[in-house]
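# Descriptive structure summary
For reference, the chains in residue letters:
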Amino acid sequence: MNMPLKKAGKTWSIESLANYVSEIVAKDSGNILGDKQQSMVVSRLRKRLLDLGGIGPSEYAAYLDKNYQRETSYLISLLTTHHTFFFREFSHFDFILENLDKIVENVKKRGDKKIRVLSAACSKGQEVYSLAMFFNLHLKKYPGIDFEILGTDIDPECVKIGSNGVYQYQEVKSVPRVYLQGNWQRGTGKIANFVKVKSHLKERCQFDVMNLMSVKRSLGTKKFDLIMCRNVFIYFKKEDIKKIVKDFEGHVHREGYFITGLSE
């Protein structure tokens, strides 16, 4: 964490506080919150001030200065976008299927029996479990080959949700039946609106906190056949994108794949 900027002594408006907070989030996470996002930042900050007892912007600046590390972590969670859904950008799954023979062949060549996948900036885990449903179905054609998926996100709360593997039924019911069948347990009674991923998928999925600005430190010597890092670079500066992609390059097998979002 960077040290606080020591600006808590001035008088703050909600707009100037939003700009200050955006600077902090950018410094620590790389996520750029510009003019287009200011109304969102202001709105979420107003709610944070209410949650802290209805304090004003200047009081919050002082609070932030005294609780910098803990509150910065909270702000990153609060202000980084977590919009995603199961099987988002389905064309990427079509691409993986088209190249699955090659992926399996490369796994066997290195004497391995597992396809290793990284789902970076995975939010609440929908992408991780989409990949798990996908491989669980299609690897039946390849006896002896299994898979494991690591899902990472900067937000510890998102990582916790992904690890838990519980979602609203409304979220999963749009998943193609061929992938959905046999993979989820629906609740009953008061929890009938929720589903939980079954153990045969969950045991192949792990989750961890990772800042994209610290890829090398987080991943160590791990290498993957497939790295998914989709729809997140739109929040980063060009020089930071280059650094992140370069770092990921060292963690994908030579014959592996690195997939970004369609808009990227």
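For the structure itself, look to the data block above.
Let me begin by describing the structure that accompanies this report. (Residues numbered from 1 in each chain as written. Predicted model: local features only at pLDDT ≥ 70, side-chain atom pairs only at ≥ 80, totals over all residues. Heavy atoms only, no water.)

If you tally the helices and strands in the protein chain, you get 13 helices and 8 strands. When contacts within the protein chain are restricted to residue pairs at least 6 apart in sequence, long-range pairs at least 24 apart make up 76% of them. As presented, the protein chain carries roughly 13900 Å² of accessible surface, and 50% of it is formed by carbon and sulfur atoms. (Helix = DSSP H or I, 4+ residues; strand = E, 2+ residues; numbered from the N terminus. Contact = heavy atoms within 4.5 Å. Areas by Shrake-Rupley, 256 points an atom, 1.4 Å probe, with all protein chains shown as cover.)

In this fold, Ser 130 is placed in helix α7 (residues 126–138). Ser 130 has contacts with Phe 86, Phe 87 and Phe 93, leaving out every residue within four places of it along the chain.

Attention now moves to the sheet that holds strand β4 (residues 184–186). On the basis of which strands lie adjacent, the open sheet formed by 3 strands has the order β3-β5-β4 and antiparallel pairing. Edge positions in the sheet fall to β3 (166–168) and β4, since each of these pairs with one other strand and no more. Direction aside, the axes of adjacent strands within the sheet are offset by 30° on average. (Pairing = 2+ DSSP bridges. Axes fitted to C-alpha atoms, helices over the stretch in contact; angles between N-to-C directions.)

Further remarks concern the side chain of Arg 230. Topologically, Arg 230 is positioned in the loop between β7 (224–229) and α13 (238–249). Residue classification places Arg 230 among the buried residues on the basis of a relative accessible area of 7%. Of note is the side chain of Arg 230, whose polar atom sits 2.9 Å from the side chain of His 92. Other than its neighbours up to four places away in sequence, Arg 230 contacts Arg 88, Glu 89, His 92, Phe 93, Glu 127, Ile 259, Thr 260, Gly 261 and Glu 264. (Buried < 20%, exposed > 50% of the residue type's maximum accessible area, 1.4 Å probe, protein only. Polar contact = N/O pair within 3.5 Å; in protein donor to acceptor, adjacent residues only side chain to side chain.)

Now for helix α3 (residues 57–66). Looking only at α3, the buried set comprises Pro 57, Tyr 60, Ala 61, Leu 64 and Asp 65. Projected onto a plane normal to the axis of α3, the buried residues spread over an arc of 140° and lie on a single side. Facing away from the buried side of α3 by more than 90 degrees, the exposed set consists of Glu 59 and Lys 66. Packing partners of the buried residues in α3 comprise α1 (14–29), α2 (38–51) and α4 (68–79). (Arc of directions from axis to C-beta.)

For the rest of this paragraph, the subject is helix α6 (residues 100–109). Turn by turn, an α-helix covers 3.6 residues, leaving residues three or four places apart pointing in a common direction. By the burial criterion, the buried members of α6 are Leu 100, Ile 103, Val 104, Asn 106 and Val 107. Down the axis of α6, the smallest arc covering the buried residues is 160°, so these residues share one side. Summarising the geometry of α6, the exposed residues directed more than 90 degrees from the buried face are Asp 101 and Lys 109. Structurally, α6 contributes buried residues whose contacts are with α5 (91–98), β1 (114–119), α7, β7 and β8 (252–260).

To continue, consider the pairing of β8. Strand direction decides the pairing type here: β7 and β8, joined by 5 bridges, are parallel. Note on β8: the bridge partner recorded for Phe 224 is Val 252. In this region the chain leaves β7, passes through α13 and returns to the parallel neighbour β8; the handedness of that crossover is right-handed. (Right-handed = clockwise from strand over helix to strand, strands pointing away.)

Another point: the sheet that holds strand β6 (residues 205–209). Ordered by their spatial adjacency, 5 strands build an open sheet running β6-β2-β1-β7-β8, and the pairing between neighbours is parallel. Bordering the open sheet on either side are β6 and β8, each of which pairs with just one other strand. Between one strand axis and the next, the sheet turns through 20° on average, direction left out of account. Contacts between α6 and the sheet are confined to β1, β7 and β8, with β1 contributing the most and set at about 115° to the helix.

Let's shift gears to the pattern of salt bridges. Inspection of every chain in the model, using the stated rule, returns 15 salt bridges. The residue Lys 160 makes a salt bridge to Glu 157 at a minimum N-O spacing of 3.6 Å. Taken together, the residues Lys 160 and Glu 157, both in helix α8 (residues 156–164) and 3 residues apart, mark about one turn of the helix. Across the pair Lys 246 and Glu 249 runs a salt bridge, and its minimum N-O distance is 3.5 Å. Residue Lys 246 and its partner Glu 249 are located together in helix α13, separated by 3 residues, close to a single helical turn. For Lys 246, a relative accessible area of 54% corresponds to the exposed category. Salt bridges here are not isolated pairs; linked through shared partners, they connect Arg 110, Asp 112, Lys 114, Arg 116, Glu 148 and Asp 225. (Salt bridge = Lys/Arg side-chain N within 4 Å of Asp/Glu carboxyl O.)

All quantities given are derived from atomic positions and should not be read as evidence of function.
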